[in-house]
Amino acid sequence: MRIDIVTIFPEFFDALDISLLGRAREDGILDVTVHQLRDYTHDRHRTVDDKPYGGGAGMVMKPEPWGEALDAILGEAVPDVAGGVEGSPMVIFPSPAGEVFTQAMARELSGAEHLVFGCGRYEGIDQRVFEYAGSRASVRLVSLGDYVLNGGEVAVMAMIEAVGRLIPGVIGNPESLVEESHEDGLLEYPSYTKPSTWRGHEVPPVLIGGNHGAIATWRREAQLERTRRVRPDLLPPE
Ligand code: 6GU
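Owing to the predicted nature of the structure, the values given are computational and were not obtained by experimental measurement. (Residues numbered from 1 in each chain as written. Predicted model: local features only at pLDDT ≥ 70, side-chain atom pairs only at ≥ 80, totals over all residues. Heavy atoms only, no water.)

S.K.: Is there a simple way to explain the overall build of the protein chain in this structure?
M.R.: When helices and strands are counted, the protein chain shows 6 helices and 9 strands. Over its C-alpha atoms, taken along the principal directions, the protein chain stretches across nearly 70 × 40 × 35 Å. Across the 238 residues of the protein chain, 39% fall into the buried class. Of the contacts made within the protein chain by residues no fewer than 6 positions apart, 75% connect residues no fewer than 24 positions apart. (Helix = DSSP H or I, 4+ residues; strand = E, 2+ residues; numbered from the N terminus. Buried < 20%, exposed > 50% of the residue type's maximum accessible area, 1.4 Å probe, protein only. Contact = heavy atoms within 4.5 Å.)

Structure follows, in structure tokens:
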């Protein structure tokens, strides 16, 4: 998968060099390029923001550097219809005003050939950038959840980690992807390892007994109990 990231803070993405995703890049599974938005400005101060039309607090990111950055990344490819077609790049703008990122979306995006992430700062990006991007690719505004970050960089790191680990070959043992939280719509069951008694806390005896049917039943019940208790919104309506 090819991933391009546009940001005024490329250092946020240094962490992509390490761990699973760093290995995936070394192995050629992931091809990540981080672009400095200021490289697409032409003034001495490398200006990327300006005052909002209509007034108000904060600054808005100017459209011109974004247009040039997107052109450089998307190339001279035939402009796609808004909404996109299969195989066309997907441009994602992290935004608290976007649709909420989920495991299902991570799965969907993990099948893409080319993802472009445009990280906004300040009060946002000039709306026409989204319209222009939509004339060149499929565009989505995506939020991590109902809270406010200072910019899109941390959100994009989270999305890339969630998507990247689902790409075949990134995780050594694909079975470890199956039993985790959210893949079956429930939270995961608690895990234990040795010692069987630790500081007065016991491992549930069923896990030590070797009865695999009983273990599977206990784990499913633990998933349901935990989900009912902390995330009842994940359960189907009764
Ligand atoms: Cl994607 N961006 C920003 N700036 N804040 C957020 C977010 C994204 N998701 C939740 N809060």
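What follows continues from the structure just given.
S.K.: Got a minute to help me understand the pairing of strand β1 (residues 2-7) in this structure?
M.R.: When a strand is regular, its side chains alternate between the sheet's two faces. For β1, the buried fraction is high: 5 of the 6 residues fall into the buried class. Taken together, the 6 bridges between β1 and strand β2 (residues 31-36) define a ladder with parallel strand orientation. Across the sheet, Ile5 pairs through a bridge with Val34, a residue of β2. Handedness of the β-α-β unit built from β1, helix α1 (residues 19-26) and β2 comes out right-handed. Strand direction decides the pairing type here: β1 and strand β6 (residues 114-118), joined by 5 bridges, are parallel. Note on β6: the bridge partner recorded for Val6 is Gly118. (Pairing = 2+ DSSP bridges. Right-handed = clockwise from strand over helix to strand, strands pointing away.)

S.K.: It is not clear to me how the packing of aromatic side chains should be interpreted in this structure. Could you clarify?
M.R.: The description of an aromatic ring pair uses the distance of the two centres, along with the angle that the planes make with each other. Within this structure, the stated rule accounts for 3 aromatic pairs. On the basis of an interplanar angle of 70° and a centroid distance of 6.0 Å, the ring pair of Trp66 and Phe93 is categorised as edge-to-face. Residue Trp66 is found in helix α2 (residues 63-74), and its partner Phe93 is found in strand β5 (residues 90-100); the two are separated by 27 residues along the sequence. Residue classification places Phe93 among the buried residues on the basis of a relative accessible area of 1%. The interplanar angle of 80° and the centroid separation of 4.7 Å between the aromatic rings of Phe93 and Phe130 together place this pair among those described as edge-to-face. Taken as a pair, Phe93 in strand β5 and Phe130 in helix α4 (residues 127-136) lie far apart in primary sequence, 37 residues in all. Among the aromatic residues, those joined into a ring-pair cluster are Trp66, Phe93 and Phe130. (Phe/Tyr/Trp six-rings, centres within 6.5 Å; stacked < 30°, edge-to-face > 60°.)

In short, geometric facts, not functional conclusions.
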